[in-house]
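One letter stands for each residue in the lines below.
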Amino acid sequence: MAIGKQIVDFYIESSIHVALAACALTSMTFSGLNTSYDATVAAFAFFGTIAAYNTIKFVPVITSKSWFFSPRNGLVGFSSLSAFGGAIYCFMQWQTASQIVAIVALLLTLFYSFSFFGHGHSGRNWVGYKIFLVALSWMLITFMLPVMAKEVAISVKTLLLAFQRFVLVYALMCVFEIIDVQFDTLTLKTLPQRIGVQKTKQLGYFLLLLFIGIDAMIQSEWILLDFFFVVTIAVFLFFSNEKRPKYYTSFWVESIPIFWWLAQKLLTYF
């Protein structure tokens, strides 16, 4: 049992799970746009997420070369470097427009993670911007990158779908924000710290209703499936609190896009 827990912990901590969620959302975009699948874009979402998230999590705590001599840390480092190489390979396959989207998302990640303007001035310390930057970077990678790669026309519908993806990620982040209250310092000024847990939940519910409203507006063929998973997110949001264990978000909430994509694929075949 202990070995199984160690495997699950490594799977989560090495960012493989969240990377699968990013890959799933990206793959869903192709279906939503009714375009052919682009494996390099989906692979970039996977590899890029591993590289970015591990950089955010582990670079600040690497204080000496001995960090790498831990078998677990060494494996994380190796997987991160391999993922970075995979992301670069995918990046080199694209046209300029797709590369620009990826670069912008990278810059957002860097500003979120590291201080360029003095101590304590990384994006995560900008009052109110933490969740916004995360949602924006996810929207760029999981939606706008497929749009650019498949040369989809930027229409009103496309912009609505882009906004819908931003709204979805923002709503999911509300769950993370509530769970992370127990770890976040007061200087972060996260949503629950600023407006309280209950109002954060209310904001999440509103965003989920907005998501379904956009589905109805564009007459999405997936509206029933989307409604099911929106309700699922709402349930997780309802039961979220600062005392929940890390698996509540880092495994279960991050699993929602994966199951969403799998359900979409099953309905496509049946």
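In this text the structure is predicted, and so the values were computed from the model without any measurement.

A.B. asks: I tried to follow the overall build of the protein chain on my own but got confused; where do I start?
C.D. replies: From N to C terminus, the protein chain includes 11 helices and zero strands. With 270 residues in all, the protein chain has 46% of them scored as buried. A fraction of 71% describes how many contacts in the protein chain between residues 6 or more apart in sequence connect residues 24 or more apart. Put simply, the protein chain shows about 14300 Å² of open surface, and 72% of that area lies on carbon and sulfur atoms.

A.B. asks: Is there a simple way to think about the confidence of the model for the protein chain in this case?
C.D. replies: Low-confidence regions, as indicated by low pLDDT, have predicted coordinates that should not be scrutinised in detail. Of all residues in the protein chain, 87% attain a pLDDT of 70 or more, and the chain-wide mean is 87. This model gives residues 115–123 a pLDDT under 50, and the stretch forms 18 contacts once residues within four places in sequence are excluded.

A.B. asks: How should helix H6 (residues 130–149) be read in this particular structure?
C.D. replies: It helps to recall that an α-helix has 3.6 residues per turn; residues three or four apart then point in one direction. Its 20 residues give H6 an end-to-end C-alpha distance of 28 Å, which sits within 8% of 28 Å, the value for a rise of 1.5 Å per residue. For H6, the buried fraction is high: 16 of the 20 residues fall into the buried class. In the segment just after H6, Glu-151 is the residue with positive phi, at about 55°.

A.B. asks: Whenever I open this one, the packing of aromatic side chains confuses me. Can you help?
C.D. replies: Aromatic rings considered in pairs are described by the distance between their centres and by the relative angle of their planes. Considering all chains together, one arrives at 13 aromatic pairs under this definition. Both rings, one in Phe-132 and one in Phe-166, keep their centres 5.6 Å apart while their planes meet at 70°; by these two values the pair is edge-to-face. Remark: Phe-166 occurs in helix H7 (residues 156–179) and Phe-132 occurs in helix H6; sequence separation between them is 34 residues. Taking relative accessible area as the criterion, Phe-132 reaches 34% and is therefore assigned partly exposed. Arranged with centres 5.1 Å apart and planes meeting at 90°, the rings of Phe-228 and Phe-229 form a pair that is edge-to-face.

A.B. asks: How should the pattern of salt bridges be read in this particular structure?
C.D. replies: Oppositely charged side chains can pair when the atoms bearing their charge come close. Scanning the model with the defined rule gives two salt bridges in all. Lys-5 is paired through a salt bridge with Asp-9; the nearest N and O atoms lie 2.9 Å apart. Here Lys-5 pairs with Asp-9, and both are found in helix H1 (residues 2–13), just four residues apart, close to one helical turn. Measuring nitrogen to oxygen at the nearest pair gives 3.5 Å for the salt bridge that ties Glu-13 to Lys-246. Here Lys-246 lies in the loop between helix H10 (223–238) and helix H11 (247–269) and Glu-13 lies in helix H1, a separation of 233 residues in the sequence. With relative accessibility at 29%, the residue Glu-13 sits in the partly exposed group.

A.B. asks: Would you mind going over a nonpolar patch on the surface with me for this structure?
C.D. replies: Together, Ile-103, Leu-106, Leu-107, Leu-110 and Phe-111 make up an exposed nonpolar region whose accessible area comes to about 390 Å². Tracing the backbone through its elements, the reader meets Leu-110 in helix H5 (residues 96–113).

A.B. asks: Explain the environment of Val-231 here, please?
C.D. replies: If you trace the backbone, Val-231 turns up in helix H10. For the pair formed by Val-231 and Leu-208, sequence separation is 23 residues and the distance between their alpha carbons is 8.3 Å.

A.B. asks: Even after reading the chapter, I still don't get the layout of surface pockets, so can you show me in this structure?
C.D. replies: Think of a ball as big as a water molecule: rolled over the atoms, this probe shows where empty space is left. Looking at the second largest pocket, its volume works out to about 330 Å³. Forming the boundary of the second largest pocket are 22 residues, of which Gly-32, Leu-161, Gln-164, Ser-220 and Trp-222 lie nearest the centre.

Criteria and cut-off values
- Here, residues in each chain are numbered from 1, in the same order as that chain's written sequence.
- Per-residue local features are limited, in this predicted model, to residues with pLDDT of at least 70; the limit for side-chain atom pairs, both in listing and counting, is 80 or more; totals at the level of whole chains, interfaces and linings are taken over all residues.
- Remark: hydrogens and water are excluded; side-chain values derive from all non-hydrogen atoms of the structure.
- Strands here mean DSSP runs of E at least two residues long; helices mean DSSP runs of H or I at least four residues long; both are numbered from the N terminus.
- Burial classes: relative accessible area under 20% of the type maximum marks a residue as buried, over 50% as exposed, and values in between as partly exposed (1.4 Å probe, protein chains only).
- It only takes one pair of heavy atoms within 4.5 Å for two residues to be counted as in contact.
- Note on areas: these come from Shrake-Rupley sampling with a 1.4 Å probe, and a residue is covered only by the protein chains present in the view.
- A residue's pLDDT is simply how confident the predictor is in it, with values from 0 to 100.
- How far a helix is expected to stretch is found by multiplying one less than its residue total by 1.5 Å.
- Between 30 and 60 degrees the pair is tilted, below 30 it is stacked and above 60 it is edge-to-face, where a pair is any two Phe, Tyr or Trp rings, Trp via its six-membered ring, whose centres lie within 6.5 Å.
- Should a side-chain nitrogen of Lys or Arg be within 4 Å of a carboxyl oxygen of Asp or Glu, the pair is scored as a salt bridge.
- Nonpolar side chains (Val, Leu, Ile, Met, Phe, Trp, Tyr) within 5 Å and like charges within 9 Å form the patches, drawn only from residues with over 30% relative accessible area and no salt bridge.
- Only protein atoms enter the 1 Å grid used here. Points where a 1.4 Å probe fits but cannot escape make up a cavity, open sets with protein on both sides within 12 Å along at least five of seven lines make up a pocket, and a residue lines them when an atom lies within 4 Å of a point.
- Grid points are joined across faces, edges and corners, and a volume is the space filled by probe spheres set on the points.

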